[in-house]
Amino acid sequence: MINERLLKDIKFIVELDKMKSILRQTSIIGGERREDDAQHSWHISVMAMILGEYSNEKVDICKVIKMLLTHDLVEIFAGDTFCYDKAGNEDKKEREELAAEKIFGMLDEDKGRDLRALWDEFEEMETTEALFAASMDRLQPMLNNYHNNGGTWKKFNVAKEDIYKRIAPVKNSSDELWDFVQNMIEDSYNKGLILKE
């Protein structure tokens, strides 16, 4: 007989396949197709492995990757909320809290608690690891927009000021990456990839 814990784990894993169907606003680089949550989570996890050396403080990259692979699981039930959608972000926290209870509640208490702790830490952005993870999460769509002729910045007429607000965690996480980000934003504005000051 298969034990109940394993059955819960498998049910959770099967549920995660839905991540491949949750479309984000960001398009893949060089294409029209929008990326999905699973692609985003994979990409930022690899980014953390490659860019970890640029963190101002030593980070536990394994923990950062765990956060990055966990942080969007709630979107299975809450959906993806575009970061520049002011109306959609008004109830995002409440929707995602309920979704977190549901998705992490699928597992036995210990596993669910561990994943929920990673998710909460990421959301609070108070630890070195959470701040670096948030930096990767926010840098990736910027790279896509930059390499897609403005992407969602142009499509939704996002102001440069709002882009700076969104990418702010990088400023507190990595001096080198912050310099890179500022150059990319200013270059984007000068090239007309960002239309609004």
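In this text, all values refer to a predicted model and were calculated from it rather than measured experimentally. Numbering of residues starts from 1 in every chain and runs along the sequence as written. Local features are withheld for residues below a pLDDT of 70 in this predicted model, meaning they are given only at 70 or higher, and side-chain atom pairs are given and counted only at 80 or more; totals for whole chains, interfaces and linings count all residues. As a rule here, side-chain values come from all non-hydrogen atoms in the structure, and water together with hydrogens is ignored.

Now for the packing of helix 3 (residues 61-70) against helix 7 (residues 109-124). Working note: a packed helix pair is described by the angle between its axes plus the distance between those axes. Here helix 3 crosses helix 7 at 90°, and the two axes come no closer than 9 Å. Classified by the interaxial angle, the pair formed by helix 3 and helix 7 is roughly perpendicular. Touching Lys63, Lys66, Met67, Leu68 and Thr70 of helix 3 are Leu115, Leu118, Trp119, Glu121 and Phe122, all from helix 7. Within the contact of helix 3 with helix 7, the residues separate by chemical class into 6 nonpolar, 1 polar and 3 charged. Angular values range over 0 to 180 degrees, each being the angle between N-to-C directions of two axes fitted as lines to C-alpha atoms, with helices fitted over their stretch in contact. Helix numbering and strand numbering both begin at the N terminus, where a helix is a DSSP run of H or I of at least 4 residues and a strand a DSSP run of E of at least 2. The cut-offs work like this: below 35 degrees is roughly parallel, past 145 is roughly antiparallel, 65 to 115 is roughly perpendicular, and the gaps in between are oblique. Contact criterion: two residues are considered in contact whenever any of their non-hydrogen atoms come within 4.5 Å of each other. Three classes are used, and their members are as follows: Ala, Val, Leu, Ile, Met, Phe, Trp, Tyr, Cys and Pro are nonpolar, Asp, Glu, Lys and Arg are charged, and the others, Gly among them, are polar.

Moving on, we get to the packing of helix 3 against helix 8 (residues 128-147). The N-to-C vectors of helix 3 and helix 8 enclose an angle of 55°; their axes lie 9 Å apart at closest approach. Overall, the two elements helix 3 and helix 8 adopt an arrangement that is oblique. With respect to the hand of their crossing, helix 3 and helix 8 are arranged in right-handed fashion. For the pair helix 3 and helix 8, the contacting residues are Ile61, Lys63, Val64, Met67 and Leu68 in the first and Glu129, Ala130, Phe132, Ala133 and Met136 in the second. Residue composition of the contact of helix 3 with helix 8, by class: 8 nonpolar, no polar and 2 charged. Each crossing gets its hand from how the near helix is turned against the far one by less than a right angle, where anticlockwise is left-handed and clockwise is right-handed.

Time to look at the pairing of strand 1 (residues 23-27). For two strands to count as paired, DSSP must find a minimum of two bridges between them. In this sheet, strand 2 (residues 34-36) lies alongside strand 1 in antiparallel orientation, the contact comprising 2 bridges. Across the sheet, residue Leu23 finds its bridge partner in strand 2, namely Asp36. Here strand 1 hands over to strand 2 after 6 residues, with Gly30 in that stretch at a positive phi of 80°.

A word on the environment of Phe82. Of note, Phe82 is situated in the loop between helix 4 (75-78) and helix 5 (86-90). Only protein chains enter the accessibility calculation, which uses a 1.4 Å probe; a residue whose area is less than 20% of its type maximum is buried, one above 50% is exposed, and one in between is partly exposed. Accessibility expressed as a relative area gives 13% for Phe82, which makes it buried. C-alpha separation for the pair Phe82 and Thr26, spaced 56 residues apart in sequence, amounts to 9.1 Å.

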